[in-house]
Amino acid sequence: MKHDVSHKKAAILGLQHLLAMYSGAVAVPLLIGTALKFNSEQMTYLVSIDIFMCGLATLIQLFRNKYFGIGLPVVLGCAIQAVAPLEMIGQKFSINTMYGAIIVAGIFVFLIAGWFSKIKKLFPPVVTGTLITVIGLTLIPVAFQNMGGGNAQAKDFGDTKNLIAAFLTIIIIVAIEVWTKGFLRSISVLIGLIVGTLLASCMGLVTLTPVAQASWFHLPQLFYFGVPEFEWSSSLTMIIIALVSMVESTGVFFAIGDLLHQDITEQDLKKGYRAEGIAQIFGGLFNTFPYTTFSQNVGLLQLSGIKTKRPIFWAAGLLMGMGLLPKIGALVTIIPNSVLGGAMLVMFTMIAVQGIKMLTKVDFQNNRNILVVAISIGLGLGVTVYPQIFQALPQTIQLFLGNGIVVASLSSTLLNLIFNKQKN
């Protein structure tokens, strides 16, 4: 493990982490702003302050202290599973109700962190290995959608130009991984994204309009869209989404612990959940979103081989800087979806392979372990492809069961408890 990354190298690695999570982080404000018919000024605020808050949330998680912060090299971004429920609350009630519900959910996460951390004993390798494999596999369709251009319903989805840009990006990353070593290899994704974007611009896939339209500077404002309002069903909905995010974060914490050969304790989990709760409360106060630990960046840690926190501190600082300087923030949005998709494919499959590697520690002579893994992966992937299978059930239950990672974690935990009452 490398501890001696200079600040110059750490800054470049931090930029790579930022680019890896940027599209996921920006997707949430874009989707919600569009659904709630925000004008361009509101949209600019939403996107750039959201980026600023991603940086702040990451710092809260990085600074380990007595009360909060897991202190692992993790990056926080908006929870994508929050999009549909937030749109629903915003349309049915108001934007202010939406932010009230986010604050309530953040307080809830902070308060139950200690109790929720007790679930550690429910996560032996057969469960964590399955969960991390499913996290990687359920992200692959997102990568493929981006490789095709981002919108599967669009007429030009899967256009030759998009495919060329996507596969060239994959080839560049793989070539750097195979034929270089040291620092160059650790920034293979960054080089892939930059060279991929340059090649895509030659094919006319890059536009600089977002940069021209963005303003130069602005600051986060408390209650920008108005004072939060509280409504019980909206708050309950966001609490359920927060629980879904906590389950997902648990998988990410264990994945990074495995990468660092570090045991994740109950205390670590408690501080990690508390940091996410604080980040959510800030999201509600500054009118952005709930924040959660991003699984995208686990694959990047594995690819770069650099697992210290210094690059993540840089990523957090860069995110906050870009949030205050919308023009620079907009510069990152010019990377075409197809190029991002190519890089995502490499990173997400790395997460799945890490899960498989963890499963090699499991005793598969025991048929019950095979059943735990097989059924849970099957359910997790099935729900990811067809979440509408649960559309006849109440909305609240759909929020839970529409997420493949949550279904896989519930399934693997319960089946393991039923089949392996004795320790694995």
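About the cut-offs
- Residue indices follow the written sequence of each chain, beginning from 1 at its first position.
- Owing to the predicted nature of the model, reporting of local features is limited to residues with pLDDT of at least 70; listing and counting of side-chain atom pairs is limited to 80 or more, with chain, interface and lining totals taken over all residues.
- Heavy atoms from the whole structure form the basis of all side-chain values; hydrogens and water molecules are not counted.
- UniProt positions are given in the numbering used here, feature names are shortened, and annotations may be inferred rather than shown by experiment.
- Labels follow the DSSP assignment, with helices taken as runs of H or I lasting at least four residues and strands as runs of E lasting at least two, numbered in each case from the N terminus.
- Each radius of gyration reported is based on C-alpha atoms, and the globular scaling rule is 2.2 Å times the count of residues to the power 0.38.
- Remark: exposure states derive from per-residue accessible area (1.4 Å probe, protein chains only) relative to the maximum for the residue type, with buried under 20%, exposed over 50%, and partly exposed in between.
- To get an axis, fit a line to the C-alpha atoms, keeping to the stretch in contact for a helix; angles then go from 0 to 180 degrees between the N-to-C directions.
- With respect to orientation, any angle under 35 degrees is reported as roughly parallel, any angle over 145 as roughly antiparallel, any angle of 65 to 115 as roughly perpendicular, and every other angle as oblique.
- By convention, the crossing between two helices is left-handed when the near helix turns anticlockwise from the far helix through less than a right angle, and right-handed when the turn is clockwise.
- An expected span of 1.5 Å times one less than the residue number is assigned to each helix.
- Here a pair means two rings of Phe, Tyr or Trp (six-membered ring of Trp) with centres within 6.5 Å. Their orientation is stacked below 30 degrees between planes, edge-to-face above 60, and tilted elsewhere.
- By the criterion adopted, a ring carries a charge over it if an Arg CZ or a Lys NZ lies within 6 Å of its centre and within 35 degrees of its normal.
- Only residues whose relative accessible area exceeds 30% and that form no salt bridge are eligible for patches; like-charged ones are grouped when within 9 Å, while nonpolar side chains (Val, Leu, Ile, Met, Phe, Trp, Tyr) are grouped when within 5 Å.
- Exposure was quantified through the Shrake-Rupley algorithm and a 1.4 Å probe, taking into account, for residues, occlusion by the shown protein chains and nothing else.
- Salt bridge, as used here: a side-chain nitrogen of Lys or Arg that lies within 4 Å of a carboxyl oxygen of Asp or Glu.
- By definition in these notes, contact holds between two residues if any of their heavy atoms fall within 4.5 Å.
- Amino acids outside the nonpolar list (Ala, Val, Leu, Ile, Met, Phe, Trp, Tyr, Cys, Pro) and the charged list (Asp, Glu, Lys, Arg) are all regarded as polar, and Gly is one of them.

Where an unreviewed UniProt entry is consulted, the protein chain appears under the name Xanthine permease, with the organism given as Lactobacillus helveticus CIRM-BIA 951. Recorded under Sequence similarities (unreviewed entry), the UniProt text for the protein chain is reproduced unchanged: "Belongs to the nucleobase:cation symporter-2 (NCS2) (TC 2.A.40) family." Within the UniProt record for the protein chain, the comment given under Subcellular location (unreviewed entry) is "Cell membrane".

**Details of the overall build of the protein chain**
Each helix and strand counted, the protein chain has 18 helices and 2 strands in total. In summary, the protein chain has a C-alpha radius of gyration of 21 Å against a globular reference of 22 Å for 424 residues, a match within 12%. Structurally, the protein chain occupies a C-alpha span of about 60 × 55 × 45 Å along its principal axes. Residue burial in the protein chain is summarised as follows: out of 424 residues, 57% are buried.

**Examining the packing of helix H5 (residues 125-147) against helix H15 (residues 337-359)**
Axis separation between H5 and H15 bottoms out at 7 Å; the angle between their running directions is 165 degrees. One way to sum up the angle between H5 and H15 is to call them roughly antiparallel. Remark: the crossing between H5 and H15 carries left-handed chirality.

**Considerations on helix H10 (residues 232-259)**
Relative to the 40 Å expected for 28 residues at 1.5 Å per residue, H10 spans 40 Å between its end C-alpha atoms, a close match to the ideal helical length. One or two residues past the end of H10 sits histidine 261, with phi positive at roughly 55 degrees.

**Structural notes on the packing of aromatic side chains**
Counting across every chain of the model gives 10 aromatic pairs. Here the aromatic rings of phenylalanine 253 and tyrosine 273 are separated by 6.3 Å at their centres, their planes lie at 45 degrees, and the arrangement is tilted. Separated by 20 residues along the polypeptide, phenylalanine 253 in helix H10 and tyrosine 273 in helix H11 (residues 266-285) bring together distant segments of the chain. For the pair formed by phenylalanine 253 and tyrosine 273, the shared burial category is buried. Three or more aromatic residues joined by ring pairs form one cluster here, namely Tyr45, Tyr99, Tyr224 and Phe225. The ring of phenylalanine 110 is capped by arginine 274, whose NZ or CZ atom sits 5.4 Å from the centre of that ring.

**Brief notes about a nonpolar patch on the surface**
Together, Leu163, Ile164, Phe167, Leu168, Ile171, Val195 and Leu199 line one region of the surface with nonpolar side chains, adding up to about 530 Å² of accessible area. Put simply, the parts of the chain that give the nonpolar patch at least two residues each are helix H6 (160-179) and helix H8 (188-202). When residues of the nonpolar patch are assigned to their parent elements, the largest contribution, 5 residues, is made by H6. Position of isoleucine 171 relative to the elements: it lies in helix H6. The exposure class of isoleucine 171 is exposed, given its relative accessible area of 53%.

**Some points on unusual backbone geometry**
Phi at histidine 261 is positive, roughly 55 degrees, even though this residue is not glycine. Looking at the element boundaries, histidine 261 is found in the loop between H10 and H11. The phi torsion at asparagine 287 lies on the positive side, around 55 degrees, for a residue other than glycine. Relative to the assigned elements, asparagine 287 resides in the loop between H11 and strand E2 (291-293). Owing to a relative accessible area of 0%, asparagine 287 belongs among the buried residues under this scheme.

**Regarding the packing of H6 against H8**
How two helices sit against one another is set out by the angle between their axes and by the gap between those axes. For the pair H6 and H8, interaxial distance at closest approach is 8 Å and the crossing angle is 145 degrees. Both H6 and H8 take part in a crossing whose hand is right-handed. Residues Ala165, Leu168, Thr169, Ile172, Ile173, Ile176 and Glu177 of H6 form the contact with H8, whose participating residues are Ser188, Val189, Ile191, Gly192, Leu193, Val195, Gly196, Leu199 and Ala200. In terms of residue class, the contact of H6 with H8 is made up of 11 nonpolar, 4 polar and 1 charged.

**Here we look at the environment of valine 5**
For valine 5, the location among the structural elements is in the segment before helix H1 (7-35). We classify valine 5 as buried; its relative accessible area is 7%. Separated by 66 residues in the primary sequence, valine 5 and glycine 71 place their C-alpha atoms 17 Å from one another. Excluding its chain neighbours within four sequence positions, the residues that come into contact with valine 5 are Ala10, Leu13, Ile306, Thr308 and Arg310.

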